[in-house]
Amino acid sequence: MEEERQSGVISKWLGGLISTMRRLLFTFMSSGPIPQHIAFIMDGNRRFAKKWKLDEGAGHKAGFLSLLSVLKYCYEVGVKYVTVYAFSLDNFNRRPDEVQYVMDIMYEKIQGFLKELDMVNRYGVRVLFIGDLNRLDEPVRLAAEKAMEATAKNTKTYLLVCVAYTSSHEIPRAIYEACQEKSLALASSGKNDDGIVNDDDDDVIKVVDLEKHMYMGVAPDPDILVRSSGETRLSNFLLWQSTNSLLYSPKALWPEMGFWQVVWGILKYQNKCYYLEKKKKQA
Amino acid sequence: MDPVAESQKFFRRISQSSNIMLFLLWHVVHLILSVLYIVREIFRAIENYLITNGYVKTYTNLNLDRVKYLGIVIDSDEARNTSKVVELLEWLSALGVKKLCLYDREGVLKKSKAVFMERFGSTENSVAGPLVSKKRMDFEFVSITDGKEAVAKAANLLFKKYYVDGDSEKPFFTEAHLTDALKTLGAVEPDPDLLLIYGPVRCHLGFPAWRIRYTEMVHMGPLKYKKLGLIMKAIHRFTKVKQNYGS
């Protein structure tokens, strides 16, 4: 009993020391520019499970734990927006049992999240689910909508979870929404002018109209786009929004991602920030 | 003397000096990072020497069939150095690259199009003397106006097609609608398989979004430090990549 209490005290002390050192490191990093928005492609869960001879599902579960630590470090260092690519529209082509498993994990984690709302709201995290939510199973979609509603008033930090998302879907959808908006606007202005609709203007829809209707229009463009497991492609993620993003591909599989990858990514960004800001201004 | 005010002043001075210390430490760390980048550049130069002189057998027989369409992104400031771009194209041509997409944000490469087409183009207009045995390449020149602005033009095309007539059916736009609209505007080239990025940062700088869904993007460093061996390594690595396309 005495030994247990002692080891409990030691581990608490050690934990406190590690936490203090981490805060010191983050304070030091804050001497330079901290990215406002980091996006993550959470790649490598299945490879992780294969590597450690686990069930495939265990890889996704390990990935979720990794997501929680990465989020913690990002918010601690001062990143305001974190976007994660949880499930692509292309992933619906996977085996049905794997798709169902991922849906079940999402449902379970969102329900768990809803149970901790007090803590979430204390940290001021606003959760947004980005993508074609109608493609999700009904219980998952309802849970996601509930989570979005419950955190709608938070403004300190943002977590954007891309599910049933691809840029190939987002861009034409934004065009559709922009067309709908312009059509209504022209119809109402047309009514005021005795039914004369002005269709001589060749550029009714501009880039800014499309960006307003993008799923990701709720957040600024990402400063860093991280893909774990060392792959160098974006797989249909934030293609429109990554014009001036630093692309970073650490070799670690997603469940292996953590503190050092976040630190290294931010240090790389700080080193190249001047160039990236210059490019943003030129646009 | 108010002890509370005194201690507040003392702690303020300590926190100010510790902030200055952290600020200086930050600069020192970033200086070390810059030195590490230089060291990495030296290692890359050694690697390049070994590859181009045949010491590394892995890269001797490149299978270029998998690279059907190669994209090159160049930082616009570096793209103004036409001779460096020509040198790069000479290497790519010698490796056997047939189809190439050249992108720079501001369209600097578009302005030098005539120079490149004359040296390497496969059209009838190119001047190819009988003694010149350079391999010919097909070019596409792209800039930022072919990216988001092209999508906006396509959006206007779709708007005119489906929304000007009030009674017509208004479908939910999909990738197919966008592709057709872009084709009408002249965007007919395929997606690049591999994108080599020449610039200070690994960033695609606004390459047309809908064309890089599954494109592998490799950072090659600044154009002035380009290395043939590293191009061979990037192409070789690309041929080993296995894509699931999400499934």
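Residues numbered from 1 in each chain as written. Chains lettered and ligands numbered in written order. Predicted model: local features only at pLDDT ≥ 70, side-chain atom pairs only at ≥ 80, totals over all residues. Heavy atoms only, no water.

- UniProt lists a comment for chain B under the heading Subcellular location (unreviewed entry), and it reads "Endoplasmic reticulum membrane".
- Of the comments in the UniProt record for chain B, the one headed Catalytic activity (unreviewed entry) reads "n isopentenyl diphosphate + (2E,6E)-farnesyl diphosphate = a di-trans,poly-cis-polyprenyl diphosphate + n diphosphate". (UniProt positions renumbered as here; feature names shortened; annotations may be inferred.)

1. Thoughts on the overall build of chain A
1) Next: The helix and strand inventory of chain A stands at nine helices and six strands.
2) Next: Dimensions along the principal axes, computed over C-alpha positions, put chain A at roughly 90 × 45 × 35 Å.
3) Next: Within chain A, the proportion of its 283 residues that are buried is 53%.
4) Next: For chain A, long-range pairs separated by at least 24 residues make up 79% of all intrachain contacts whose partners lie at least 6 apart in sequence.
5) Next: Accessible surface, chain A: about 14,100 Å² in total, of which carbon and sulfur atoms supply 55%.
6) Next: Across chain A, 37 positive and 36 negative side-chain charges occur, with their mean positions spaced 8 Å apart. (Helix = DSSP H or I, 4+ residues; strand = E, 2+ residues; numbered from the N terminus. Buried < 20%, exposed > 50% of the residue type's maximum accessible area, 1.4 Å probe, protein only. Contact = heavy atoms within 4.5 Å. Areas by Shrake-Rupley, 256 points an atom, 1.4 Å probe, with all protein chains shown as cover. Lys, Arg positive; Asp, Glu negative; His and termini not counted. Charge placed at Lys NZ, Arg CZ, Asp CG, Glu CD.)

2. Focus on the sheet that holds strand S3 (residues 125–130) of chain A
All names here are of chain A.
1) Next: Pairing in this open sheet of six strands is parallel, and the strands run S3-S4-S2-S1-S5-S6 from one edge to the other. Since the sheet does not close on itself, it has two edges, and those belong to S3 and strand S6 (246–248), each with one partner. Strand-to-strand twist in this sheet, taken as the mean axis angle between neighbours without regard to direction, amounts to 20 degrees.
2) Next: Pairing of strand S2 (residues 81–88) with strand S4 (residues 157–165) involves seven bridges; the strand directions are parallel. For phenylalanine 87, the partnering residue across the bridge sits in S4 and is valine 163. (Pairing = 2+ DSSP bridges. Axes fitted to C-alpha atoms, helices over the stretch in contact; angles between N-to-C directions.)

3. Thoughts on the packing of aromatic side chains
1) Next: On inspection of all chains with the given rule, the structure shows 20 aromatic pairs over all chains.
2) Next: Ring plane angle 55 degrees and centroid distance 5.3 Å describe the contact between B:Tyr103 and B:Phe207, whose orientation is recorded as tilted. Note that B:Tyr103 is positioned in strand S2 (residues 99–103) and B:Phe207 in the loop between strand S4 (194–198) and strand S5 (216–221), a separation of 104 residues in sequence.
3) Next: Through successive ring pairs, a cluster of aromatic residues spans A:Tyr176, B:Phe159, B:Tyr162, B:Tyr163, B:Phe172 and B:Phe173.
4) Next: The aromatic ring of A:Phe92 is capped on one face by A:Arg135, whose charged end is 4.6 Å from the ring centroid.
5) Next: The aromatic ring of B:Tyr37 is capped on one face by A:Lys272, whose charged end is 4.7 Å from the ring centroid. (Phe/Tyr/Trp six-rings, centres within 6.5 Å; stacked < 30°, edge-to-face > 60°. Lys NZ or Arg CZ within 6 Å of the ring centre and 35° of its normal.)

4. Some thoughts on a nonpolar patch on the surface
All names here are of chain B.
1) Next: Residues Val35, Ile38, Val39, Ile42, Phe43, Ile46, Tyr49, Leu50 and Tyr55 make up a contiguous nonpolar surface patch of roughly 900 Å² in combined accessible area.
2) Next: Along the polypeptide, isoleucine 46 turns up in helix H1 (residues 3–52).
3) Next: What makes isoleucine 46 partly exposed here is its relative accessible area of 45%. (Patch = residues over 30% accessible without salt bridge, like charges linked within 9 Å, V, L, I, M, F, W, Y side chains within 5 Å. Salt bridge = Lys/Arg side-chain N within 4 Å of Asp/Glu carboxyl O.)

5. Concerning the pattern of salt bridges
1) Next: Here the structure, examined in full by the defined rule, presents 31 salt bridges over all chains.
2) Next: Taking the shortest distance from any N to any O, the salt bridge between A:Arg141 and A:Glu138 comes out at 3.1 Å. Here A:Arg141 pairs with A:Glu138, and both are found in helix H6 (residues 138–150), just three residues apart, close to one helical turn.
3) Next: Between B:Asp191 and B:Arg213 there is a salt bridge, with the nearest N and O atoms lying 2.9 Å from each other. Of this pair, B:Asp191 sits in the loop between helix H7 (175–184) and S4 while B:Arg213 sits in the loop between S4 and S5, placing them 22 residues apart in sequence.
4) Next: The class for B:Asp191 is partly exposed, based on a relative accessible area of 26%.
5) Next: When its relative accessible area of 19% is taken as the criterion, B:Arg213 is described as buried.
6) Next: Several salt bridges converge on common partners, so that one network encompasses A:Asp43, A:Arg47, A:Arg227, A:Glu231, A:Arg233 and B:Glu216.

6. Describing H7(B)
Residue and element names in this part refer to chain B.
1) Next: Of all the positions in H7, only Leu178, Ala181 and Leu182 are classed as buried. Around the axis of H7, the buried residues are gathered within 100 degrees of arc, so they sit on the same side.
2) Next: Just past H7, the residue glycine 186 takes up positive phi, approximately 105 degrees. (Arc of directions from axis to C-beta.)

7. Structural notes on the layout of surface pockets
1) Next: Here the second largest pocket defines a volume of roughly 1,600 Å³.
2) Next: Around the second largest pocket, the lining comprises 44 residues; the ones closest to its centre are B:Arg40, B:Arg44, B:Arg202, B:Val218 and B:His219.
3) Next: Contributions of two or more residues to the lining of the second largest pocket are made by S6 and helix H9 (259–282) of chain A together with H1, S5 and helix H8 (228–240) of chain B.
4) Next: When residues of the lining of the second largest pocket are assigned to their parent elements, the largest contribution, nine residues, is made by H1(B). (1 Å grid on protein atoms, 1.4 Å probe; cavity = no way out; pocket = protein on both sides within 12 Å on 5 of 7 lines; lining within 4 Å. Points joined across faces, edges and corners; volume = space filled by probe spheres on them.)

8. So, the UniProt feature "transmembrane region" (unreviewed entry) in chain B
1) Next: Per the UniProt record, "transmembrane region" (unreviewed entry) is annotated on residues 20–39 of chain B.
2) Next: Its end C-alpha atoms 29 Å apart, residues 20–39 of chain B is made of 100% helix and 0% strand.

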